[in-house]
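Listed below, chain by chain, are the residues.
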Amino acid sequence: MQKLKIGVIDLVSKGPTFTVWAKIMHANMASIMPQVVATWCEKDGHDVKLICYTGVEDLRKELPEGMNLVFICAFTQSAMLAYALSNYLRSQNIVTVLGGPHARCYPDDSVKYFDYVVGFTHQSTIAQITNNCTPQRPIGKHLAEAAQPPNLPGVVERWRFIEETLKKAPFLKIVPMIGSVGCPYTCPFCIDATVPYQALDFETMKNDLRFLLTKFKKPLIVWHDPNFGVRFEHYMDAIAIVAPPKSFQFIAESSLSILTEDHLKVFQKNGFIAMLPGIESWYELGNKSRTSHNTGLEKLKKVSEHVNMVFKYIPYLQANFVLGLDTDEGDEPFELTKRFVDLSPGAFPGYSLLSAFGEAAPLNLEYQKDNRVLPFPFHFLNNHLAMNVKPKNYDWVDFYDKVIDLTEYSFSQRAIYRRFAATTTFTSKWMNLMRAISSEGWGRLSFYRQVRKKLIEDKAFRQYFEGETRQLPPFYLNIIKRDLGKWWQWLPQGAIEHDPNVYLHKTSQKILS
């Protein structure tokens, strides 16, 4: 076997940035799979360099000379940077591989710009690439296993790469862990909707927790499980066996159906300090919030009561909503969410605009069949910069009016003050304040207002939103150029455009064959 010099790049940022938030928090947003791939490659005897790209680094200086192979992990919003990086690396005769959510959602577009594109990835998948480290051009090779791997290297095995990344975090240092893959719920817009739930090895989890107690006085851990705590007793027993209560601090994304009061008492005892439940809609997905037979105002009251009860035990909570679902109509869904902001003032509201990420979910096929998916460049597909699904029950201007009104209400000085007063810890107050006044709150509000203004005043801009033209408005093109900075010159020709209906075409061809 040839010993290779391998680079692994985890794209946390989608371009160069020097914001305070990026410097403080981006290193804490590292993904787990890049660390896993780096660990697998090192186990096979290769020289490996992992870079968590926070936007501050100069990637051309970070990567050692003489690289044979570079893996890049990207969410869809980072695809433009990933494509530009691959183009640059291939010009240096380096073989490139794309993994991560974008590779799963848009494999047919990605193979135009990478030698290999991987979906579900096992150690054998990576070995197949390293054993055949040769360019695959002009069209790359798509490799995907049938399911997620049955086990993954834990913190102990990944520690060298975790430690290097955490050196970039000046204050908070958050260790990423994962105890399960997939989700038992089937939210039709979610990338995990069709991935069977599978718990990972609890003995590995225990060993990792013991190890972290030798590295930190009180480790701060974020669980990357799509829905943490499905096997609640197994998780809590594993944590309790390792150390006395509150030896750790944990952050997790979990459905309200798991956050019962009995469970919350155990969560609190074991040191959980933040939860991110998905409420999503006032009209559907009630099984996630224990409101399966309630909708509208009735569901709002039950959810608000539940969220307020969570605050008796957990100091920080982000409530996630999806705006623009087909069940939404008129003012009511937005007004109900404003009522939620009033009734549960401590909760930070996380709003996502409905988006269809390629092959991520079966529902995307229905949107494509109805010709509702727009060809917005990947750069804007992060659930708030663009909504690439034409709303079923709203005109675009009306929809943005309602989104702006809700965002303005949620991040008004009054709402920020009430949220600040309703949370008990300094960290919770600081996080809520910073998120509200930065790009996530006021920044999005400003951007939405610009989009609404363009929709009214710029005919070509409106035609793009209506699907009457595929000509990208200069407004969006200029943002891509600005965000990519020096990497703009390496963006391959045609990379800004993609066919938003590839999933439908592929599915139709399979049926015909």
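Each chain has its residues counted from 1, following the order in which its sequence is written. Under the rules for a predicted model, residues below a pLDDT of 70 receive no local features and side-chain atom pairs below 80 are neither given nor counted, while totals for whole chains, interfaces and linings still include all residues. As a convention, hydrogens and water are excluded, and side-chain values are obtained from all of the structure's heavy atoms.

Caption draft 1: Broad picture of the packing of helix α16 (residues 413-422) against helix α17 (residues 426-437). Axis definition: a line fitted to C-alpha atoms, over the contacting stretch in the case of helices. Angles run 0 to 180 degrees between N-to-C directions. Helix and strand assignments follow DSSP, with helices taken as H or I runs no shorter than four residues and strands as E runs no shorter than two, numbered in order from the N terminus. Close contact between α16 and α17 brings their axes to 9 Å; oriented N to C, the two are set at 165 degrees. Between α16 and α17, the crossing angle belongs to the class labelled roughly antiparallel. Relative to α17, the crossing made by α16 is right-handed. Here Ile416, Arg419, Phe420 and Ala421 of α16 lie close against α17, whose contacting residues are Lys429, Asn432, Leu433, Ala436 and Ile437. Per-class residue counts for the contact of α16 with α17 are 6 nonpolar, 1 polar and 2 charged. Oblique is the label for every angle not falling under 35 degrees (roughly parallel), over 145 degrees (roughly antiparallel), or within 65 to 115 degrees (roughly perpendicular). Left-handed is the label given to a crossing in which the near helix is rotated counterclockwise from the far helix by less than a right angle, and right-handed is the label when the rotation is clockwise. Here a residue-residue contact requires only that any non-hydrogen atoms of the pair lie within 4.5 Å. Only Asp, Glu, Lys and Arg are considered charged, only Ala, Val, Leu, Ile, Met, Phe, Trp, Tyr, Cys and Pro nonpolar, and every remaining residue, Gly among them, polar.

Caption draft 2: Molecular detail of unusual backbone geometry. In this model, Arg137 is joined to Pro138 through a cis peptide bond whose omega is 10 degrees. Along the chain, the position of Pro138 falls in the loop between α7 (123-131) and β6 (141-143). Even without glycine at this site, Asn93 takes up a positive phi of about 65 degrees. Examined against the element boundaries, Asn93 turns out to sit in the loop between α4 (79-91) and β4 (95-99).

Caption draft 3: Region of the structure containing the packing of aromatic side chains. For Phe, Tyr and Trp, where Trp contributes only its six-membered ring, two rings pair if their centres lie within 6.5 Å, and the inter-plane angle classes them as stacked under 30 degrees, edge-to-face over 60, or tilted in between. Taken as a whole and judged by the stated rule, the model has 43 aromatic pairs. Look at Phe202 and Tyr235: their rings are 5.3 Å apart centre to centre, the planes differ by 80 degrees, and that puts the pair in the edge-to-face class. One end of the pair, Phe202, is in helix α9 (residues 202-212); the other, Tyr235, is in helix α10 (residues 232-242), with 33 residues separating them in the sequence. Exposed residues in this analysis have more than 50% of their type's maximum accessible area, buried residues have under 20%, and partly exposed residues fall in between, with area computed by a 1.4 Å probe over protein chains only. Owing to a relative accessible area of 12%, Phe202 belongs among the buried residues under this scheme. Look at Phe376 and Tyr464: their rings are 5.2 Å apart centre to centre, the planes differ by 85 degrees, and that puts the pair in the edge-to-face class. Here Tyr464 lies in helix α19 (residues 459-465) and Phe376 lies in the loop between α14 (363-369) and α15 (396-410), a separation of 88 residues in the sequence. Comparing Phe376 with Tyr464, the two get one shared label, buried. Its guanidinium or amino end placed over the ring of Tyr88, Arg60 lies 6.0 Å from that ring's centre, counting from NZ or CZ. The side chain of Lys429 reaches across the aromatic face of Phe420, ending 4.6 Å from its centre. For a Lys NZ or an Arg CZ to count as sitting over a ring, it must be within 6 Å of the ring centre and within 35 degrees of the ring normal.

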